[in-house]
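Structural characterization, general
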Amino acid sequence: MEFAVESGARSMEKGIEVRKNQTLICTPLMADTADQLVELMYKAKAKGADIVEIRLDHLKSFNPRFDVPKLMKECPLPTLFTYRPVWEGGRYDGDEISRFEVLRLAMELGADHIDIELKAAHEFNKFMNGYKSERCKLIVSSHNYECTPSVEELGDLVARIQAAGADIVKFATTALDITDAARVFQITIHCQVPIIAMVMGERGLIARVLCPKFGGYLTFGTLEAGKVSAPGQPTIEQLVDLYNFRLIDHDTKVFGIIGKPVGHSKSPKLYNRAFKAVGFNGVYVHLFVDDVPKFLKTYSSPDFCGFSCTIPHKEAALKCCDEVDPVAKNIGAVNNIIRKPNGKLFGCNTDYVGAISSIEDALRGSHNGGNGFSSPLAGKLFVVIGAGGAGRAIAYGAKEKGARVVIANRTYDRARELAEIVGAQALTLSDLHNFHPETGMILANTTSIGMQPKVDETPISKETLRYYQLVFDAVYTPKITRLLQEAAEMGAKIVTGVEMLIGQAYTQYENFTGLPAPKQLFKETMED
Ligand code: NAP
């Protein structure tokens, strides 16, 4: 089987999808009947699969003499035949000789690959008695549903698979921690024969996505989310469209979002679209991390260049950095880590940058515009509602810009604690309604009041909003909250939580790439 790997420029000219690696996307197909399998083969081809794995053990009605030739004849893609027994995680529970006969038939009829389990390889080779089709590659596989062994044990496993006559080595292990994938990368990169090395489970996702970077033979991409043949398989679309799988090569820089949970994050879409649009050789992945220090220590090579951090790791991330931006240090949380050329980790907090710069932009757009150097927030009375993570970041950011900060919180003690650290005044939420020592103030809601589904709630009366020149809301679902709606009605400028979200992403993108963020593209992606 051969695939053309085009140079970027040549492919662009011809309007062909650029492909920078030879790693195949293999779609596992499971169905009750051979006719249904044929239907799925065409769907896999339409979605962009390179090869299909035909899982014979899932067929409910199966007549090998009739069905195998049919599947072979009608398949529009190269094939991999697997007839997995129950004892290796499959569904076949018949005798071994009948199973071997089916695999031999597939080979005789022109299958591109057949898969045999390491535990059965010796018996299978005896059964084949030296017969081997020129065209067909023998994959010898081993599955570990409990853990990922040490590098030494994996190396030994690969040697045993090779000794069993494999043209292609395959093993799949289970990730108990994301660092398990690092051992699999080490084996993949040093393997002398083609290798399929997968790590199952959400914590193993990077082994599936980064497979072309380390030279893996194929990765599995499913037709639909959740319809997997092994835990943690992404869909073909996720591989191709979300992670730009075809563009990953040995030199691709790796970025990602560290969180737990993390699968819901839309950040990979935002950054990978931008990387592709500007031709930056990077990939941004979901990183399901349990232990931040262990993760950063394990993935310490220069290729793992930068990370975003989300709940619950922002405090732990701060402790792992060699150098921390002073504002992030004061806030007590890092949401962006960059690996510097000397290998040191630099941590900063872009959450506040996103909010504060959006507020500054909105103020500059008004008659109150600054001189381009000092912040339009300097000297302003800046009221922050909330004393949680976002409140802390915005209070520090405003203070840094020279504003006079007031913190109002439901739990007064938390407001007071934060006010003492920042150098601000503390209020209760109820005080807020009568708090209007001057006009032209700035208000920032950093609580979840007004967030879906409780969209009718608001933290302050409409009447009081007349004293504010600008109102910001960190809530971004809905984009226009009741607070913002009423603020606009009272004549205030408004800044939405979506602007904060995009603003912090611009800064992270620039930190990651050293390039200006494609702002229009970011906005379009967010609107999507
Ligand atoms: P957090 O650390 O849990 O803090 C929550 C804050 O909201 C606390 O001050 C809490 O007061 C207050 N609060 C919660 N429910 C309340 C209620 N019913 N009435 C009055 N006060 C209430 O959360 P966070 O991480 O700061 O996030 C807060 C909000 O900001 C969330 O809606 C989040 O989605 C949003 N956010 C947006 C962005 C963005 O990019 N737009 C970024 C980060 C966060 P107590 O101290 O009294 O509990």
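Residues numbered from 1 in each chain as written. Predicted model: local features only at pLDDT ≥ 70, side-chain atom pairs only at ≥ 80, totals over all residues. Heavy atoms only, no water.

As for the overall build of the chain
On a plain count of helices and strands, the chain comes out with 19 helices and 20 strands. For the C-alpha atoms alone, the extent of the chain along its principal axes is close to 95 × 45 × 45 Å. Here the chain holds 528 residues, and 54% of them are scored as buried. The contacts in the chain between residues at least 6 apart in sequence include a share of 66% that link residues at least 24 apart. (Helix = DSSP H or I, 4+ residues; strand = E, 2+ residues; numbered from the N terminus. Buried < 20%, exposed > 50% of the residue type's maximum accessible area, 1.4 Å probe, protein only. Contact = heavy atoms within 4.5 Å.)

Quick word on the pattern of salt bridges
Across all of its chains, the model carries 32 salt bridges by this definition. K70 is paired through a salt bridge with D35; the nearest N and O atoms lie 2.8 Å apart. With K70 in helix α3 (residues 64-74) and D35 in helix α2 (residues 34-47), this pair connects stretches of sequence that are 35 residues apart. Here R84 makes a salt bridge to E117, at a shortest N to O gap of 2.8 Å. Within this pair, whereas R84 is found in the loop between β3 (79-82) and α4 (96-108), its partner E117 is found in strand β4 (residues 113-117), the two being separated by 33 residues in sequence. Grouping residues by exposure puts R84 and E117 together as buried. One connected set of salt bridges, linked through shared partners, spans R84, E96, R99, D115 and E117. (Salt bridge = Lys/Arg side-chain N within 4 Å of Asp/Glu carboxyl O.)

Describing the site of the ligand
Among the 21 residues in the neighbourhood of the ligand, the closest are listed as A387, A390, N409, T411 and R414. A distance of 2.9 Å separates an oxygen atom of the ligand from a polar atom in the side chain of R410. Within the backbone of A474, one N or O atom sits 3.0 Å away from a nitrogen atom of the ligand. Starting from 920 Å² of accessible surface for the ligand in isolation, the protein chains cover 72%. Looking at the shell around the ligand, the elements with two or more residues in it are α15 (389-400) and α18 (497-513). By residue number, the principal contributor to the shell around the ligand is α18, which donates three residues. Split into classes, the residues belonging to the shell around the ligand amount to ten nonpolar, nine polar and two charged. (Near = heavy atom within 4 Å. Polar contact = N/O pair within 3.5 Å; in protein donor to acceptor, adjacent residues only side chain to side chain. Areas by Shrake-Rupley, 256 points an atom, 1.4 Å probe, with all protein chains shown as cover. Nonpolar A, V, L, I, M, F, W, Y, C, P; charged D, E, K, R; others polar.)

So, the domain arrangement of the chain
Under the domain assignment, the chain is made up of domain 1 (2-249), domain 2 (268-349) and domain 3 (353-495). Placing the centre of domain 1 and that of domain 2 at their C-alpha centroids yields a distance of 32 Å. Summed over both sides, the interface between domain 1 and domain 2 buries roughly 1,800 Å², with carbon and sulfur atoms accounting for 61% of that surface. For the pair domain 1 and domain 2, the interface holds two salt bridges. The salt bridge involving D290 is made with R203; its shortest N-O contact spans 2.7 Å. The interface formed by domain 1 and domain 2 includes eight residue pairs in polar contact (both at pLDDT 80 or more). Of all the elements in the fold, those that place two or more residues in the side of domain 1 that touches domain 2 are α7 (180-190) and α8 (205-209). For the side of domain 1 that touches domain 2, the class distribution of residues is 13 nonpolar, two polar and seven charged. (Domains from an automatic or database assignment. Buried area = accessible area lost by both parts, 1.4 Å probe.)

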